[in-house]
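# Tertiary structure, described
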Amino acid sequence: MLVGLWLHRSVVAMWQEVMSMRRPPLVLAVDDEPTPLERLRTELERRYGGDYRVVTSSSAATALDVLERAQAAGDEVALVLADQWLGDRTGTEVLARVR
């Protein structure tokens, strides 16, 4: 019984270590205009940077690539903010692909 308890505690400790190594959830903001995008990045990092990875993208194509890489890595995506009028697509098209 003592060996089983030790094994259980070591498995729990290992799981806690793995969970602590996971990257924070992703917050992605997409806007093709640099000034609003930078302002949004600054505010998101200031408010949520301690709990989330804030990533910005200036195009729909790059944003979708970021999301594909996050999915492949098993990263959690907490929020995607997209401007409605992007140069290569609309924000609605980007958000439709998020699912």
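What you see is a predicted model, and the numbers here were worked out from it, not measured in a lab.

Once that is clear, we can look at helix 3 (residues 60-73). Taking 1.5 Å per residue, 14 residues should reach 20 Å; helix 3 reaches 20 Å between its end C-alpha atoms and fits that length. Within the sequence span of helix 3, burial applies to A60, A63, L64, V66, L67 and A70. Along the long axis of helix 3, the arc covered by the buried residues comes to 155 degrees, so they all point the same way. Turned more than 90 degrees away from the buried face of helix 3, the exposed residues are A72 and A73. Considering only its buried residues, helix 3 is in contact with strand 1 (26-30), strand 2 (53-57), strand 3 (77-82) and helix 4 (91-98).

Counting 12 residues, the largest nonpolar core consists of L26, L28, V30, A60, A63, L64, V66, L67, A70, V80, L86 and V94. Those elements that place two or more of their residues in this core are strand 1 and helix 3. Take this core: its biggest share by element is six residues, from helix 3. Core analysis: the next-biggest nonpolar cluster, separate from the first, contains five residues, A29, L37, L44 and V54 among them.

Calculation rules
Residues numbered from 1 in each chain as written. Predicted model: local features only at pLDDT ≥ 70, side-chain atom pairs only at ≥ 80, totals over all residues. Heavy atoms only, no water. Helix = DSSP H or I, 4+ residues; strand = E, 2+ residues; numbered from the N terminus. Expected span 1.5 Å × (residues − 1). Buried < 20%, exposed > 50% of the residue type's maximum accessible area, 1.4 Å probe, protein only. Arc of directions from axis to C-beta. Contact = heavy atoms within 4.5 Å. Core = buried A, V, L, I, M, F, W, Y, C linked by side-chain atoms within 4.5 Å.

Read these as layout, nothing more, since geometry by itself doesn't imply function.
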